[in-house]
Every structure is written in structure tokens, then in C-alpha cells.
Amino acid sequence: MSDPNKAAIAAEKEALNLKLPPIVCPPEDIGVDTSAQSKLLNYRRSKEQQKTINQLVIDGAKRSLDRALDKRTPPTPEPDYPPTMTSEIKKKGFNYIYLKQCVESSPIVPIQQEWLDHMLMLIPESLKEGKERERLVESLINEVSSDFEKSMKRYLVRSVLVKPPVKWLEDEGGPLPESPTGLDYSNPWHSSYLQTRNQISANLHIVHPIMKMLLDLGYTTFANTVLLDLTGIRAKGPIDCESLKNDLSIQARKAEEKIMNTWYPKVINLFTKKEALETIKPEKLDAFYNCVSTLMSNQLKDFLKRTVEGFVKLFDREDQQGLPIFKMELTFDDDKMEFYPTFQDLEDIVLGLVERITEALQNVQTVPSWLSGASPSVNLDTQLPERVLQWALTTLKLAVHYNLEGARKHYETYVEKYNWLLDGTAVELIETFQAEDHTFDEYTDLIGRFFNLASEIMLLPQWVHYPMVRLDCEDLKTGLTNKAKNFANILLNNIASKHRKENECICSDFEAIKEHALKVPGTTEEMMDLIAYVEKSRTIGIQELALRIKESKRRMSYFLDVFLFSQEDLALNSAVLMWPWKINPIFDENDELMENAKHKKENELIAKREKLILEIEKESRRMEEFTEFAELDHMQQYVADVRQLQKRIQESEEAVQFINKEEELFKWELTKYPELDKLKVNIEPYQKFFNLVLKWQRTEKRWMDGGFLDLNGESMEADVDEFSREIFKTLKFFQMKQKKELQEKRKAAKRRSLGEERIEEEPKENPTITMCSTVMEQIKVFKDYIPTVSILCNPGMRTRHWKQISEIVGYDLTPDSGTTLRKILKLNLTPYLEKFEVISAGASKEFSLEKAMHTMIGTWDDIAFHVSPYRDTGVSILSSVDEIQALLDDQIIKTQTMRGSPFIKPFEKEIKAWEDRLIRIQETIDEWLKVQAQWLYLEPIFCSEDIMQQMPEEGRQFQTVDRHWRDIMKFCVKDPKVLAATSLTGLLEKLQNCNELLDKIMKGLNAYLEKKRLFFPRFFFLSNDEMLEILSETKDPLRVQPHLKKCFEGIAKLEFLPNLDIKAMYSSEGERVELIALISTSAARGAVEKWLIQLEDLMLRSIHDVIAAARLAYPESIRKDWVREWPGQVVLCVSQMFWTSETQEVISGGTEALKKYYNELQNQLNDIVELVRGKLSKQTRITLGALVTIDVHARDVVMDMIDIGVSHDTDFQWLAQLRYYWEYDNARVHIINCNVKYAYEYLGNSPRLVITPLTDRCYRTLVCI
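Residues numbered from 1 in each chain as written. Predicted model: local features only at pLDDT ≥ 70, side-chain atom pairs only at ≥ 80, totals over all residues. Heavy atoms only, no water.

Attention now moves to the overall build of the protein chain. On a plain count of helices and strands, the protein chain comes out with 43 helices and twelve strands. Of the contacts formed within the protein chain by residues at least 6 apart in sequence, a portion of 72% connects residues at least 24 apart. Of the accessible surface of the protein chain, which amounts to about 73,500 Å², a share of 53% is contributed by carbon and sulfur atoms. (Helix = DSSP H or I, 4+ residues; strand = E, 2+ residues; numbered from the N terminus. Contact = heavy atoms within 4.5 Å. Areas by Shrake-Rupley, 256 points an atom, 1.4 Å probe, with all protein chains shown as cover.)

Encoded structure:
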């Protein structure tokens, strides 16, 4: 080996022996939390392991270099080169071989085990069973690993070297994946190597001796110095988060000061020596100091990184020996369970410590900055890489969450078991419980549950220990316990309140018994009630109260253990317990009190009975005096006396009732007073008689001396008849009474005389009977005056009638305010009454007609039009005018009848004017309703701008009508009464004018619709309303859709694109048929009939094209597939075409050919039936249902021809069938001798029920006609 080569090798070894700073790159999967990754991080974190790895790398490189030199030492025998090969080619070949061996000797990363596992997973388990197969799998894995290593080496060579164009170099085994082109070492490199090494020596400052000193100083300083002393943190026991934060912050600050006071001065000292920069050229000085700064930055970054890694290691899941223990509390505040500090606070503090570490040593000046003392100073870049910081924060977050999981689960245990005390469930439970009716025991059970819950909570452990947390639960336990006790106290206070009310009720019941027992009764009834009350209280009442007191004692015994009574409650409880001993003396005092009261009331009752007997005797004597009353002039006094006696009798009856009630209370025999009942019966006839006579006297006085014109003959006659009847009844009653009394006296006299003969005395005349007879005579006389009153006091009498009467008697007889009946009777007008009666009768008839007329006029005062708002037009319309029209008809007939009466002459003008007004009102309403009906019909039409543009003249006329109509209805709404509403000046003429305009509008409208129908004849299928709805919305083609079914038999709706172009049509069954071209509705510019004509044309052409396409597809497809691909109408039409053509072909073959074709038809039918039994869409099922009907009929037609023996296509049996042909690019239908073109009208996908011989006959009749 030449000297230059040896020198180069020695230089390489020397360079490898340099103690370079470790360059530790974080692994790519630094964020992956695996055990292998954690071990690798710990391994690299150790300084000793770093040195070992460094040394191993250097030793391995030396060994690789030695092996390469050993291989080159024995020179390979030179091949037999062709004479044309130059020495330059040899150098390139040898150079490539040498460099290739160097590259191949580099360590290769073996294949990953994960890849091998994936390969093995692809092998079925059955192929890996058995020892032989295991060995086979192992050998295959080794082979794969070997192939992977060889491929990697080949790839490494390809990526690093470029193979020179030397033919004798060995082939490398085929192409590899494309990759970046490597460096070209095919040219000789020794001279360039020496040149490069000299350049490196001049520019690579890292090999400067002072750099080695700087590295040694850094290793010495940072090896024994830590930024944070993390040992023993766990040994300190539980600590506060803030305390740990403060302690570590102080440590970091002290460590930072120590480094700046020890390491940094030594570094500065290195560069203050003169020999430090002797070999550095001035132009390289900045690069040199940059290298120094980089080296110092790397040392400080490594120091901070190791600190961060050490801090992260504290929270390692697998090694928790150094994990700090934090103090945490479960607190109870504002009815919430919370952690203190919260998980977020704890996490923020832990992550904040990482940030505090990264903030350390950020103000270290660079050496040139310190030496120059320049301002502002330049600091070293000691900021940790973002990836390191993110790795630390992510790892710590995961670790903190992991270590807090136990505390979180413990908290969730509390939430699961006791949160119902806080979330309102317990409050709702208690409120519901209190709202319901529960017993005391049920209350105590619920209270016991709460107290037991409080005891259970207090027995829970105060501290719970976890690897990173000591959880203090005391505050939460205390809060939950108090909460449970509070709920128990709420229930306790509730039942204590009920207990208090019950005790108060018991005491009030005893007080009520005491109050009643010691009360002095005012009446006998009160006394008896009090005796019964006390008796009941002694038995039932006291027993019930005793049971209630017993229950109260039981409640007290419970409360003494769990409740603290107030002084008032204790006094109340004591009072309840003492009442049974206090009540008996009260009952004894009541017995003595009742005995005295009973004796007193009995004496009072005896005195009242005696007083009542004397009073009845007085009333009987007074009653006898009434029989002697005979003066009619004293009748008012008689009535007053009767009323006074009746009042005394009523008072006596009340006294009898009171005495009987008292006797009943004392349980005596009830005393009866028949004399009182007799008095009550006897006085009633006198009371009626005296009142009737007094009333007659007053009525006669009013009639005779009152206002003459106020008299009414009819009512007077009725009243006189009533008086006469009542007086006659009274007279008969008293006569019968007198007769009975005489009979009784005679019987009594006979019994007294014992047979002695006595001369009977004549009975005295009864004064009452005399008065009755006198009144009867008065009434009889007054009856003669009634005709005069009926004739002259007629309400129909007017001044003209009194003039006629005055002419008859010869003097003025017109009554005034001073005229009375007595004065009229004194005039002795009896001879003239017949003439007066004729005049009075005429006045009555005139009055009845006048009254009827005024009644008709008054009827209209309350009759008004019913108006209702019409949609959103702001206009009201008339409604419910039938009753008004019926009333008009009735009154017009009545008025015309009244005008024909001979007695109408005095007010003939008024009745004629009223008749004219009624007729005008009737005509107005008729015209009004006619205008309204046409306005309601036309208003929606002429609201459309499209209609207004197409019919401008009619539009202007309608606007005139609309303006008049709105004015009329506005006036009507203000005062809807019929008479007022129809009184508008010129209303009838205005309405008639509107009707004339409306007639012109309707004629123009009908002419317009007729023109549209002539342009598009299918519009004849639509009514005027439907056409107007379409034409009024020409800008919206979608409004036509509801009416398409009437214009086109099979089209139910159209498919519109967003720009309102028509693309396809749909049948009622939902079948879609796409049109062969788009129809632009916008191009029609609102003319609906134009695009409808296009639709008609495209419908026919589209069906034609679809039929043509289906006919071509039929022979090329399987029939059961073909029937599902085309619309139903097309399937039926094309199927009939092919049936026709196939049948016509086989007819000439005779019966055998028809039979064969019959079997083929049966097979086709079976295929369709099989499809129908399967799963099909709705449209396909309808199509196949109709097709089955057609196929069955076609098969039956063939069978009939077989039976008849049809052998020629001109036989009538064949010609009589409905046959479809495709002729001259059109479908045509033949039957007998008729040939009709298929219309191509889209019929949709409608079903077929059945085809019978009658159906065929109908076909022949309709087509041939």
C-alpha cells in the first residue's frame, strides 16, 4: 500500500477518534406510548449509555475500515483485459468495486418483526401445523430476511453510487425501484480527497483543540449538575400542587445561577487566552465563534432536554417509584361535588413545570457578545425543539390522565350513589311525598332512610390513596351528610308541625266540649241539643280523643329521640296528656246546670199553653162580628179588620208550632187546637169577599170618573164578567153556608126539645148575603154602559170620525182631557148608538190597516245585511240574504193586498210610497247579488297580470266594475241595515250599469277561451274555470299539471328541470317516459297552448321512437328480460306485433306448426308467470299483469285456430283478430279488412282485467266503423 493511502487511512482513524458531541435524534415514533419506546428513551437518557453507544459506533467503523483494507491488501489478479481497455477504465472499475464494498459493509436495518407477523397472518393456520411445517416456515422467514438484506444493500449501493460504463463489472440482479440518483464516484478521487481534507482542516472548526476543551468542560459541568433535583419527591409524601411548583421553580432558578457562576466564567476564560485564537485566520473568526455558539447551545439544549426527560420520567406508568403524590380534595360547595384542585389545574401545573424548565438558561450571552460588551447583547439559542416540547407535553398529559383515573372513578362512585341528593331528585321526592297523604310510620321510614344514608356517608374513608393522588373526602362527606340530615329535618319539621296541629286540635276539641258543657241554654231546643252533645261527648267523643291522645304519646316517644321540642310544644304536649283528668269535673257541673234549666223551661211552656187558649177565644168572638157587617161604604175598614184578624191567627199558629215543638222536646203529648183551624177556614171567604167588593168599587170609580179615551171596551167587558162570576160564587157560598147552619140548629133544637113541639122562628136575613145581592145589581147596571164604551172608545177613532159623530148629535162630541164616562152617560146617547157603531167599525178597520203598515215598516229597523270579508281583497260581500228576500216578497204581497182594501183611502199615499220602496229594494238586491256573483267569478281572473295583458279592454271594464263594487260595499259595511244600505242615491242604476259591463266582459272572456280552444283543441276537455286557472298563471307552467290528465289520457304530471324545461312525462301509476327532446316553456313566453302543442307532438314522436327501439331490441333479448326494460304500453304493442308476425308465419305450416307455436306461447306465458311470482317493482308488476292477460288471449286465439283448422292467413278466423304490424316505419292495426294507423297516444301503464269474445266483437265494431 502506498504512503499516501496509509496517510489517508491514518487521518480517517484520527478523525474517528475525535470526541464529537453526541448527536441524538429523537425517534420518529416519539409520541407513541409503547414499552419499547420508553426503554429506548431511558437508555438514551443515561450518560454512560451514550458514551457506550458512541464508542461502539467508533469501534465498529474502525473494524469495517480494517476489513476493507485487509480485503484490498491481497490484490486480486488482474483480469485479462482487452488490449483496447485504457488504464482510465481500469481505475473507474476498481474504484467502483472498492466503494461498493465499503457501502455494502455498512450496517443494514433488518426486516421489522411486524412485517414478518403480517406475512404469517396471511398463511392459513392449517398450513402452519406440525413440526415439519414449522421448520419450513422458519426457513422461509430466514430466506425472506436474507432477500430483504440483499435488496437493501443493492438499494443502498444504487442510491449512493453510480455504476460506471465498464463491461466487465458484475450484474447486480435486475432493476430496483426508482430512487434519487446517488453520488458519482466512478472518477478517480484521491487528489480530490486530499484537496477536500485540506479544506475541511481550514474550515471545520470543530476539530480545533479549544473545542475539545469546551466539550470536556461541558461534560464535566453538566454531568454532575441537574436543573431540578427530582429524587426524593415521592418520599416527601403528599404535597400541594402549588408547593411543588414553587419548590421546583426555586430549584431551577438556583441551578441556573450555579451554572452561570461556574460553567460560564470558565467558558469565557478559555477564549480570553492569547493562544486560543492563534491558528484562526481573521476572516474565519466569525465562523469560529458561530461554531462555538452552536456547540454551547447544543450542550445547554442537551442539558435542558435531559431535565425535561427526567421530569417526564417521574410520571412513567411502568416505573412509579419517583411519581409525586399530590394532595387533592373532594369538596362540597353550592350543592356541587368538585375536585380541589381540579384536574385541569393539576394538569396545568404539571405542564407548566415543563414550560418553566424550557424557560431556564434562555439569557446566556454568546462569547463574542460577552467579550465585546456590545449592547444589545446576543444570546445563545437554547430553546428546545418544538417536537421535544410537544412530546413532553403529550406524554405528561397522558400520564396525568392515567394517574387521575382512579380519583375520577372514586368521584363517579360518589356521583352515582349520592348525586340524587343534589340534582333535585331528593327535593322532588320530598315534595311529592309531602303532597301525598302518608301515615306517621311512612314518614319515619323515609326519615330513617335519610339518617341511615348520612351515617353511611360518614363511615366512608376520609382519605383514598392512589399512585399520584391522596384524595381527601372529608369536606364532601360532611356536605353530603348535612344535606341528607337537612332533608330528614325537613320531613321531621313537617311531621312535627302535623303533630303540633293534631295536639292543638285535641285541645280545641276538649275546649269545645268544655265550652258547650258549661254554656247556659237559651231555649229548650238548645238545652236538648246540649244534653245530646254532652252525652255523645261522654261516650264516643271521649273514646275517640283517648285514642288520639294514645297516638300522640306514640309520636312523642319517637320525637324525644330525634327532635328537640320548643317550650311551647312541651307545654302543648303536657296539656294534651292532662285533659282526660280535667274533663270529668266539667261533666258533673253540666249535669247540675241542665237539671235547673229543664225545670225552668217546663214551667214556661205551661204558661204559654194557657195564654194561647185565651187568645183563640178572643179571635173566635171577633170572627162572629164579621157576620154582622152590612155597610158597603165601610168596605175598606172591613178589609183592614179581616187582615188584622188573619195576622193574629197566623201568630197563634206560630205559637202552636212553638208549643208543639217544646212538647216534643220534653217528650210530652202534643196539644191540638181545632178551634184555630176552624177560624182559619171560616175567615177565608170573608177575606175574599171583602177584597173583591173593594176592588169592584175602586174599578167602577176609575171607569166612571177616569179619562174617557183611556177606556177599552173589550177589557172592560172581560173585567165586568169576571167580577160578576166571582160575586155570584161568593153569594152561592154564603147561601149554602146559611142553609147548613139552619139545618144544624134545627137538629140541635130537636135534640134539646125531646119531642116538644115549638114554633119555628123565621131565619134572620144574613147581612153578607144582602151585600152580595147589592153588588150583583150594581154590576148588572154597569153592563149596560159597556156598548157605549166599546163604540166611542175605539183606538181607531180619529178626528174625522168624531166630526161625523158630532154631526149626528148636532153638537161637538169630541172628547178632551176632562171627558169621563159619567159625563157621556148623562148626555143620553143611546138613540144614536147604531149610527155611532157604523162609524166605529170603519175606524177599527182603518186602524188595523194602519197598524199593519207601521208594523211592516218597523220590522226593517232591525234587519241588516250580513257581510263577511272576502279572502284578502279587503272587500266584504253579502251573505245569507234569503231571509231578506223572503220578507220582501211577503211584504210586497201584503202591501198590494192592503191597497185593494176600501178602508185604505186615508193613508193611500203612504202605502203606495212604501210599496214602491219595497219593489226598489227588491230590484236593488237582485241586481246586487247578480253583480256580486259575477264579480266573485271574475275577480281572481283579472287579478292575474297575464289575463290583463291578453284582455286589455275587458280588464279596463272590470276595473270600472271593481271600483263601483268596492264603493258600494264600503258604504254597506258602514251601515249594513237594509233600509240605510239601499238608500244610496243612484245605487240601482249603478248596479244595473255594472251588470251590463259584466255581461260584455263575460262575452269577451268566452270568446277568448274559445280562441284558445280552437288553437289547442284538447282545451275542450277543460271547464272554463280550469282553463282560466291555467291562463292566469302563464309564468308558472307547474299550474298546468293538475289538469294534464283531462288533456292527455295517460299523462299525470311532467318532469320539469330547474329552468322549467320539460324532460319527461309520468303516468298516473308513476311510469316515466323520457321525451326525445326538451320542451322550453320559457320560449312560449306565457302562451301555454304553444308548449302544450309541442308536448302533444313530442309525446307522439317519443312513443313512436320507443316502440321502434323496443321492436329492434325484442329479437336480440330474452323475452323475460325485455319486458322489464320498456314502458308498459310499448311492451304490449311490440309483443302484439311479434305475436302477429310469428302467428302469420306458422299458419301456412298447418295445424302441427300452430300446435308447436302454441307450446312456445305457453312457455312464454310460464316465464312471465314466474317473473310475477318473484320480487318486482310496482311498475313492472302492473306491466306483466296486463301482458299476462294479452298473452293468455293470444294463446287462446291460437288454440281456437287449431281447433277450427286454420291453414291460410286469409281465413276469416285469423282476419277477425286484432293484429299489429310494422309497416313503412309505423305501427298499424288490422282487423278484418280495416287498416288503421297506431295513434301513439300515451296511455300510461294501466292494468288489463280480461279479454272476452265480447271484447273482440267490440274491437271489430269500433275499428270497422
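Read on for the rest.
What follows is about the sheet that holds strand β1 (residues 326–333). By way of backbone hydrogen bonds, the strands of a sheet pair with one another, either parallel or antiparallel. A sheet is described by the order of its strands in space; here four strands give the open sequence β2-β1-β4-β3, paired in mixed fashion. A strand with exactly one partner marks an edge of an open sheet, and here the two such strands are β2 (336–340) and β3 (463–465). The sheet shows a mean angle of 20 degrees between the axes of neighbouring strands, taken without regard to direction. Direction of pairing for β3 relative to strand β4 (residues 469–472): antiparallel, over a ladder of three bridges. Considered in β4, the bridge of Trp 463 is made with Asp 472. (Pairing = 2+ DSSP bridges. Axes fitted to C-alpha atoms, helices over the stretch in contact; angles between N-to-C directions.)

This paragraph deals with the packing of aromatic side chains. What describes a pair of aromatic rings is the distance from one ring centre to the other and the angle between the planes of the rings. Counted by the stated rule, this structure contains 19 aromatic pairs. A centroid spacing of 5.5 Å and a plane angle of 70 degrees characterise the contact between Phe 311 and Phe 315, whose relative ring orientation is edge-to-face. Just as Phe 311 is buried, Phe 315 falls in that class too. By way of ring pairs, the aromatic residues Phe 339, Phe 343 and Tyr 411 are connected into one cluster. For Lys 1053, the ring lying beneath its charged end belongs to Tyr 1066, and the centroid distance is 5.3 Å. (Phe/Tyr/Trp six-rings, centres within 6.5 Å; stacked < 30°, edge-to-face > 60°. Buried < 20%, exposed > 50% of the residue type's maximum accessible area, 1.4 Å probe, protein only. Lys NZ or Arg CZ within 6 Å of the ring centre and 35° of its normal.)

Orientation of helix α29 (residues 882–899) relative to helix α30 (residues 908–942), taken along the N-to-C sense of each, is 155 degrees, at an axis distance of 10 Å. Taken as axis vectors, α29 and α30 run roughly antiparallel relative to one another. Read as a crossing pair, α29 and α30 show a hand that is left-handed. For the pair α29 and α30, the contacting residues are Ile 884, Gln 885, Leu 888, Asp 889, Gln 891, Ile 892, Thr 895, Gln 896, Met 898 and Arg 899 in the first and Ile 911, Lys 912, Trp 914, Glu 915, Leu 918, Ile 919, Ile 921, Gln 922, Ile 925, Asp 926 and Leu 929 in the second. In the contact of α29 with α30, the residues fall into eleven nonpolar, five polar and five charged. (Parallel < 35°, antiparallel > 145°, perpendicular 65-115°, else oblique. Left-handed = near helix turned anticlockwise from the far one by under 90°. Nonpolar A, V, L, I, M, F, W, Y, C, P; charged D, E, K, R; others polar.)

What follows deals with unusual backbone geometry. Cis peptide bonds are those with omega within 30 degrees of zero, and the linkage from Tyr 340 to Pro 341 qualifies with -10 degrees. One non-glycine residue, Leu 1060, lies in the positive phi region at around 70 degrees. Within the element layout of this structure, Leu 1060 appears in the loop between β7 (1053–1056) and β8 (1061–1066). In this model, Ile 1232 sits at a positive phi of 55 degrees, which is unusual for a non-glycine residue. As for its placement among the helices and strands, Ile 1232 is situated in the loop between β11 (1226–1231) and β12 (1234–1237). On the basis of relative accessibility, which here comes to 29%, the residue Ile 1232 falls in the partly exposed class.

Residue position: Asn 995 is located in helix α34 (residues 987–1015). The class for Asn 995 is buried, based on a relative accessible area of 3%. Leave out the neighbours within four places in its chain, and Asn 995 touches Glu 927, Lys 930, Val 931 and Gln 934.

What follows is about the sheet that holds strand β9 (residues 1072–1080). Spatial strand order, β7-β8-β9: three strands in an open sheet with antiparallel pairing. Both edges of this open sheet fall to β7 and β9, since each of them pairs with a single strand only. If you compare each strand with its neighbour and ignore which way they point, the axes differ by 30 degrees on average. When β8 meets β9, the two strands line up antiparallel, connected through five bridges. Directly across from Ala 1064, in β9, lies its bridge partner Glu 1074. Where helix α37 (residues 1088–1113) meets the sheet, its contacts fall on β7, β8 and β9, and the angle it forms with β9 comes to roughly 135 degrees.

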